[in-house]
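# Descriptive structure summary
Residues per chain are reported as follows:
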Amino acid sequence: MILPVNNTSSYLCVAEILYLTQRKSSVIRQSIVRKYEEIQAVLQEDLRITLTHLEMEERAAISALDGLMDRNCSLIQEIEQDLARLTMALEQRDIQPDILSFCSYPAQQDTDINDRVMDVLNRSDPSTVKLDEAKADQVLGLTNNMLQLIRSQTPVTKKLISSYSSEVCLDPETAHPKLIISPQGDSAAYTDTWQEVPDLPGRFDTTLNVISSQAFSFGRHYWEIDGNTEDCWLGRGSESWCVEFFDGEYTAWHGGVPHQLPVTKHFSHIGVLCSFSAGFVTFLEADSMTPLFSFCAGAFSGCLHLAVCPGHDHNGTNSKPIVICNAHNLNSDF
């Protein structure tokens, strides 16, 4: 018995799911934005408090130096007054010589002036007014530690995506005869020599490809590739999802359709994120987790393998192997 399909009901169901999906995505996005805004607010408040402490110390130092300048001005005035009195005494001596009075007065005055000058100079030495540099160094050290902590936790997606890491090894029975697969199955290198290998149904013989022994059909999976070579391909078939680096440019491929990527930098590490539940394959610059290109596949029709192609040697300019950074290496950083 075949039940009739109500196209209108089906359309409304899809439309409702689409609306709910967009709404849920919007709520998640707003929540993440609020958390980042809260982090920024906490850092701004901490910066404000720290700068307030530094400004208080600066004002205290300036106030102390102003006080020293006032005391120095007072000392100069006192010295000028003493000099004026001494001058008057000398003039009176010329008019009424009194050797005893003259000798005792200037000597006593001179002693008093010297004592006062030395006392004020000792108490008004500007080198004694200093900022608390040790405290400033401690604050700078703490802020540097906080910066290192933040850097260790960012990008936030790095830790999350790395938790999806799946260990894979390359299957030598699928490798093109001009590819050398490492004994550990974690790298592939090009050789000019056509190697004598068994002619197996799953072996590539036209493209320089090799695929992983492991196949995946559900869940989320992440791999990182050390593709620090002149040319390399991550997958390259009519039905595969691929990003290639060739002739200094990155291109994403699927179904024979190229997508030129607007990047000029040569990345040493490329990440591949596959989500069966969300139906996408994303290629990322692995160090910053910046997405390079995302294929929205919808539903995958079969199992997926990781495929790599190191490219041709190009007269020794592309001799480095392409290396898989396996899961235990990725997670060791966290």
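So, here is what we can say about the structure in this document. Values in this document were obtained by computation on a predicted structure and should not be read as measured data.

What follows deals with the environment of T154. With respect to the helices and strands, the residue T154 is situated in the loop between α3 (133-153) and α4 (156-162). By relative accessible area, which is 39% here, T154 ends up partly exposed. Along the sequence, T154 and S288 sit 134 residues apart, while their C-alpha atoms lie 8.4 Å from each other.

Taken as a whole and assessed by the stated rule, the structure comprises 7 aromatic pairs. Centre to centre, the rings of W241 and F300 are 5.4 Å apart; their planes meet at 85°, and the pair counts as edge-to-face. Placement of the pair is W241 in strand β6 (residues 241-246) and F300 in the loop between β11 (290-296) and β12 (307-308), with a sequence separation of 59 residues. The class for F300 is buried, based on a relative accessible area of 16%. Taking 5.6 Å as the distance between ring centres and 35° as the angle between the ring planes, the aromatic pair formed by Y250 and F267 counts as tilted.

An order of β1-β2-β13-β4-β9-β10-β11 is seen for the 7 strands of this open sheet, with the pairing classed as antiparallel. Looking at strand neighbours, the two that pair on one side only are β1 (179-181) and β11, the edges of this open sheet. In this sheet, adjacent strand axes meet at a mean angle of 20° when their direction is disregarded. By the bridge criterion, 6 bridges tie strand β10 (residues 280-285) to β11 in an arrangement that is antiparallel.

Across soluble globular proteins, nonpolar side chains have a tendency to be buried as a group. The biggest cluster of nonpolar side chains holds 34 residues, and the ones touching the most others in it are V210 and F283. In this view, V210 contacts L170, D171, T174, A175, L179, I181, A188, F204, L306, A307 and V308; residues no more than four positions away in its chain are not counted. Judged by nonpolar contacts, the second largest core, of 6 residues, contains Y222, L284, A286 and M289.

Each value, and the rule that gives it
- Residues numbered from 1 in each chain as written.
- Predicted model: local features only at pLDDT ≥ 70, side-chain atom pairs only at ≥ 80, totals over all residues.
- Heavy atoms only, no water.
- Helix = DSSP H or I, 4+ residues; strand = E, 2+ residues; numbered from the N terminus.
- Buried < 20%, exposed > 50% of the residue type's maximum accessible area, 1.4 Å probe, protein only.
- Phe/Tyr/Trp six-rings, centres within 6.5 Å; stacked < 30°, edge-to-face > 60°.
- Pairing = 2+ DSSP bridges.
- Axes fitted to C-alpha atoms, helices over the stretch in contact; angles between N-to-C directions.
- Core = buried A, V, L, I, M, F, W, Y, C linked by side-chain atoms within 4.5 Å.
- Contact = heavy atoms within 4.5 Å.

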